[in-house]
Amino acid sequence: MSNLSDSMAAKYNDLAWRHSTSANEAFQSWMLRKEQEDHAEAMLHAQMATMYAGMAAAAKLTG
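The rules behind these values
Residues numbered from 1 in each chain as written. Predicted model: local features only at pLDDT ≥ 70, side-chain atom pairs only at ≥ 80, totals over all residues. Heavy atoms only, no water. Core = buried A, V, L, I, M, F, W, Y, C linked by side-chain atoms within 4.5 Å. Buried < 20%, exposed > 50% of the residue type's maximum accessible area, 1.4 Å probe, protein only. Helix = DSSP H or I, 4+ residues; strand = E, 2+ residues; numbered from the N terminus. Contact = heavy atoms within 4.5 Å. Salt bridge = Lys/Arg side-chain N within 4 Å of Asp/Glu carboxyl O. Expected span 1.5 Å × (residues − 1).

A. Region of interest: the nonpolar core. Counting residues in each nonpolar core, the largest one holds 6 residues, listed as Ala 9, Tyr 12, Ala 16, Tyr 52, Ala 56 and Ala 59. Looking at this core, the elements with two or more residues in it are helix H1 (3-33) and helix H2 (36-62). In this structure, Tyr 52 is in contact with Tyr 12, Leu 15, Ala 16 and His 19, ignoring residues within four places of it in sequence.

B. Looking closely at the pattern of salt bridges. By the definition in use, this model includes 2 salt bridges. Here Arg 18 and Asp 14 are joined by a salt bridge, their closest N and O atoms 2.8 Å apart. You can see Arg 18 and its partner Asp 14 sitting in helix H1, 4 residues apart, about one turn around the helix. Linking Arg 33 and Asp 38 is a salt bridge whose minimum nitrogen-to-oxygen distance equals 2.5 Å.

C. Layout of the side chain of His 45. Looking at the secondary structure, you find His 45 in helix H2. Apart from residues lying up to four places away in sequence, His 45 is in contact with His 19, Ser 22 and Ala 23.

D. Spatial organisation of H1. Taking 1.5 Å per residue, 31 residues should reach 45 Å; H1 reaches 45 Å between its end C-alpha atoms and fits that length. Every buried residue of H1 is accounted for by Ser 5, Ala 9, Tyr 12, Ala 16, His 19, Ala 23, Ala 26 and Trp 30. Lining the buried residues of H1 we find H2. A positive backbone phi angle near 55 degrees is found at Lys 34, which sits one or two residues after H1.

E. Structural view of the environment of Met 51. Mapped onto the secondary structure, Met 51 falls in helix H2. We classify Met 51 as partly exposed; its relative accessible area is 39%. On a C-alpha basis, the gap between Met 51 and Tyr 12 in space is 9.0 Å, while along the polypeptide they are 39 residues apart.

Quick look at the structure:
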């Protein structure tokens, strides 16, 4: 794997982890308050985490 693909994979992994953490926090908030905005935020962060995890995997494969 090249340094560029390693760097991109690491960047995407970091973004996936950050969005996963944010999704967990928003989901916990939704469980406590049952606010629609918290649920929407949790779902958005979960989708973003999945997207970035896929991009990290693709960067590893193309490197």
